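Structural overview for review
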Amino acid sequence: MTEDPASATSGHTETNTHRRIAVMPVYNEEATVVSVLQRLEPLVDEIVIVDDGSTDRSRERIAVWAQERPHVHFVYYEDNRGMSAAYYAAFSDIGRRLRAGDVSADDIIITVDADGQHEPSDLDVLTDKLTGEGYDAVIARRDLSTYTAFKRFGNWVLSLWASFWAGCRLYDVESGFRVFRVGPLLDALQYYKGYKYSETVEVAVVLPRLGYRVCNDLMVPVPIFRSRTRMTDGVIDVVAMVAAWWRVVAGRNRPPGMPAWSIYVLPALAVLALVFISADMLINPLFLASDSMHSYAHVWYISEQLFHHASLPLRIGLLDSGRAATFPYALPVYLVGAVLYPLLGDWAVTMLMVVAVVGTVWTAGLVRPVLRDPWFLLLFLLNPLFIDAIYGFQFASLWSTVFFFVFVWVFERQRHLPAAVLLWLAVATHPVIGAAAAGAYGLCILTFDRARVRPLLAISIPVAILLIPIYYMELLTPSVRENSPLTVGSATVLSIIERGTFIAMPFALSALAPQIRRLYRPVLAGGAVTAVAGVVALSGVIRYEHSPGGYYGIMHHSSNVYAEFFRSPEFHPGATYRVLEPSEREDGMYRFIQHGAVLSNEFFNESVFRRPWTQSQYGCYGAFKGIDFVVAEKAYVQRYGTSERELLQTLVTDGRATIVYNDPAGRFTVYDVRKFMSEQTKPQSLKACGVF
């Protein structure tokens, strides 16, 4: 690169204004460059020309014109490096001069194309907008009415894409006619690279993301149509804008001690993890997980009742011999899913689950902005109990979390009426998790922010009254009434602890942000170790007594292993079936009720009673539930190793039960236990059976 100072004073002699420095990249513009320079010169204090390896007579014509103009600086490359490289060289040199004190941070940099498509006489309008309205950059919005429809459409698409990544509305992101304050532009220079023509779009994204004010709605005419960009340049720009945005959000707050390359690896893992989780779920219309079938079954049943019977019952006649509650939780979201079900089928539930996952992350950043920093978002996603909530398909818990986070955000902005609605949604969606989160938040308000206690009480009391029907339906749930208080209580406490960890994380990370940023490397290492250990313990990779069901749906799809049985005469719609499946693949139970069978239990683990049985206990339990048939999967026996299969075989040997169907593939066996159950006396409650 070579630089030649030129020789003629600028015609711009206004006082009490910031210095204007024009930057013009040139590549093979011998026909227009001198004309543009002559019109530009009176309007600026200084011109920096970068010849980017022109092969025509542009360089010679500029050199002749620039003679005896000391405020013209001529930089040239021997080889063509692209417009972005030309701008980068000029801006870097201005940065050097800023550090030397030759240029002020409030001076103005102007970029003008050498091909004549920008009218220098419009420069005063742009600079007046910049200085008069406090902008940090003004990007001229070109009047593209003389351009082809294809070019206008392409510019519109790119500008819309840029607006998304910039966080503000941009109308002509490709415009090269721009004015900047020196300080903001050089700050932005740290975060964009520029490839070929991408400098214009990258800086338009970077500046707003750094918090600078950018104007792009000032229309200017375009005297001539000139464009060298091609479709490939547009594709490059699309990618370059995303990369520029990432360099800002990940690079600006890079924790001390983290290497520069890490912004492309470590925080990117957070984004990639969300993309993987979303895609992994969405490709499965029926996602297999320990708590997934409950949601699919309830949404399907509610939709059936709404659209085929015009009713909304409080009980589901096909679950737990007709005793199951329709809305033990997730009332508002189940209703949304039920409305979408005729259009999307089971995928409606999967889609809502993905929305809940992404929504939890997004609203965490809403309620505490520190979570918008991908370095802190990575720590949030490393929580193994959050991962467990996702792959365990904790549908209601995650939606309750979304509503709770938005409730806090709205309440802290003193919008009390919508806050009350959101608080009701949070608790109605999961009466245990929502109430625990609201209670913990209330204690924090009482301890640290007593000025908010009165408005919080003012909305909590009417919300509590409106929640009475929700808790009534919760108490109708057989799994609550048919287990000991110790079983229900321990399950409740465990659920609060598990889900409370990721609900509390945005608040904890925000409160400890300075310390975490200072000690980020050991904190990240500890989080990674905890995540790996937690996933190993919770995912089913290692089996142990009472181990969780695991993340079966990550690698497996649902398949209807009962299809042939449902078509056989041995299947009896309307009969009550006890279906024994591993908790992480209860899609068989769901298919049974879809074919008109009644399940003897709900989908909750507490309702299935996976336990060792004596014959008397089993008879008492079966009589209370009204069981007609038992379906025992081979996978269930391998997973839990209970004595139930042996007990059934004993009943067959004794002639008190019969095998009515053996799956040809050996996956399950169906037992008719009606004779055995007819010999039993139905108890008043399960407590009489001694099962808890």
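Calculation rules
- Residues numbered from 1 in each chain as written.
- Predicted model: local features only at pLDDT ≥ 70, side-chain atom pairs only at ≥ 80, totals over all residues.
- Heavy atoms only, no water.
- Phe/Tyr/Trp six-rings, centres within 6.5 Å; stacked < 30°, edge-to-face > 60°.
- Helix = DSSP H or I, 4+ residues; strand = E, 2+ residues; numbered from the N terminus.
- Buried < 20%, exposed > 50% of the residue type's maximum accessible area, 1.4 Å probe, protein only.
- Lys NZ or Arg CZ within 6 Å of the ring centre and 35° of its normal.
- Axes fitted to C-alpha atoms, helices over the stretch in contact; angles between N-to-C directions.
- Parallel < 35°, antiparallel > 145°, perpendicular 65-115°, else oblique.
- Contact = heavy atoms within 4.5 Å.
- Nonpolar A, V, L, I, M, F, W, Y, C, P; charged D, E, K, R; others polar.
- Disulfide = S-S within 2.5 Å.
- Pairing = 2+ DSSP bridges.
- Polar contact = N/O pair within 3.5 Å; in protein donor to acceptor, adjacent residues only side chain to side chain.
- Core = buried A, V, L, I, M, F, W, Y, C linked by side-chain atoms within 4.5 Å.
- Patch = residues over 30% accessible without salt bridge, like charges linked within 9 Å, V, L, I, M, F, W, Y side chains within 5 Å.
- Areas by Shrake-Rupley, 256 points an atom, 1.4 Å probe, with all protein chains shown as cover.
- Salt bridge = Lys/Arg side-chain N within 4 Å of Asp/Glu carboxyl O.
- pLDDT = per-residue confidence, 0-100.
- Left-handed = near helix turned anticlockwise from the far one by under 90°.

The next point concerns the packing of aromatic side chains. Scanning the entire structure with this criterion turns up 48 aromatic pairs. Relative to F403, the ring of W399 has its centre 5.7 Å away and its plane inclined at 35 degrees; by these criteria the two rings are tilted. With W399 and F403 both in helix α15 (residues 395-411) and four residues apart, this pair spans about one turn of that helix. A relative accessible area of 14% places F403 in the buried class. Seen from the ring of Y135, R213 lies directly overhead, with NZ or CZ sitting 4.2 Å from the centre.

This part covers the packing of helix α16 (residues 416-429) against helix α17 (residues 431-448). Contact pair α16 / α17: the axes reach a minimum separation of 5 Å and the direction vectors enclose 135 degrees. Judged by the angle between their axes, α16 and α17 are oblique. Across from L423, A426, V427, A428 and T429 in α16, the residues of α17 making contact are P431, G434, A435 and A438. When grouped by side-chain class, the residues that make up the contact of α16 with α17 number seven nonpolar, two polar and no charged.

Bringing the state of the cysteines into the picture now. Scanning the model with the defined rule gives one disulfide in all. The cysteine C168 is free of any disulfide, with C215 supplying the nearest cysteine sulfur at 9.9 Å.

Here five strands make up an open sheet; going across it, the order is β14-β13-β15-β17-β16 and the pairing mixed. Across the chains shown, the open sheet's two edge strands, defined by having one partner strand only, are β14 (598-599) and β16 (658-662). The pairing of strand β13 (residues 576-580) with β14 spans two bridges and is parallel. Its bridge partner being in β14, Y577 is matched across the sheet by L599.

Turning next to the side chain of H118. Within the secondary structure layout, H118 lies in the loop between β5 (108-111) and α4 (123-132). Judged by relative accessible area, which is 1%, H118 ranks as buried. At 3.0 Å, the side chain of H118 and the backbone nitrogen of D113 are in polar contact. Among all residues touching H118, those that are not within four sequence positions of it are R39, V112, D113, G176, F177 and P223.

To continue, consider the nonpolar core. In this structure, F380, F407, F565, Y577 and F592 are the most contacted members of the largest nonpolar core, which totals 167 residues. Ranked by residues supplied to this core, first place goes to α15 with 13 residues. With residues near it in sequence (within four places) discarded, Y577 still touches F565, E570, F571, H572, F592, A597, V598, L599, S600, F629 and V631. In this structure, I49, Y76, L123 and V138 belong to the second largest nonpolar core, which totals 33 residues.

What follows covers a nonpolar patch on the surface. There is a patch of nonpolar side chains on the surface, built from F150, W161, M231, V235, V238 and V239 and spanning about 600 Å² of accessible area. For the nonpolar patch, the elements supplying multiple residues, two or more each, are α5 (149-166) and α8 (231-251). Position of V239 relative to the elements: it lies in helix α8.

Turning to the pattern of salt bridges, a few remarks are in order. Side chains that differ in sign of charge can pair as their charged atoms come close. Across all of its chains, the model carries 28 salt bridges by this definition. For K151, the salt bridge is made with E174, and the minimal N-O distance between the two is 3.6 Å. One end of the pair, K151, is in helix α5; the other, E174, is in the loop between α5 and β8 (178-181), with 23 residues separating them in the sequence. E174 carries the same exposure label as K151, and that label is buried. For E564, the salt bridge goes to R567, with nearest N and O atoms at 2.3 Å. With E564 and R567 both in helix α24 (residues 563-567) and three residues apart, this pair spans about one turn of that helix. Accessibility expressed as a relative area gives 48% for E564, which makes it partly exposed. Salt bridges sharing partners connect three or more residues here, namely R19, E46 and R97.

So, on to the confidence of the model for the chain. Residues at a pLDDT of 70 or more form 95% of the chain, whose mean pLDDT is 89. Of all helices and strands in the chain, the one with the weakest mean pLDDT is strand β1 (residues 2-7) (45), whereas α15 scores best (97). Note on residues 4-11: pLDDT under 50 across the span, and 33 contacts to partners over four residues away in sequence or across chains.

With respect to the helices, strands and loops of the structure, E46 is situated in strand β3 (residues 46-52). Separated by 2.5 Å, the side chains of E46 and R97 make a polar contact. With residues up to four places along the chain from it excluded, the contact list for E46 reads R19, R20, I21, A22, H71, H73 and R97.

Let us now look at the packing of helix α12 (residues 347-367) against helix α13 (residues 374-381). Where α12 contacts α13, the axes come no closer than 12 Å and their chain directions differ by 130 degrees. Taken together, the axes of α12 and α13 lie oblique to each other. Considering only the axes of α12 and α13, their crossing is right-handed. From α12, T360, V361 and A364 reach across to α13, where they touch L377, F380 and L381. Residue classes in the contact of α12 with α13 are distributed as five nonpolar, one polar and no charged.

Secondary-structure assignment places A623 in helix α27 (residues 615-625). By relative accessible area, A623 is classed as buried at 11%. Here the alpha-carbon distance between A623 and L318, two residues 305 residues apart in the chain, equals 17 Å. Those residues in contact with A623 that lie beyond four places of it in its chain are M677, Q680, T681, K682 and P683.

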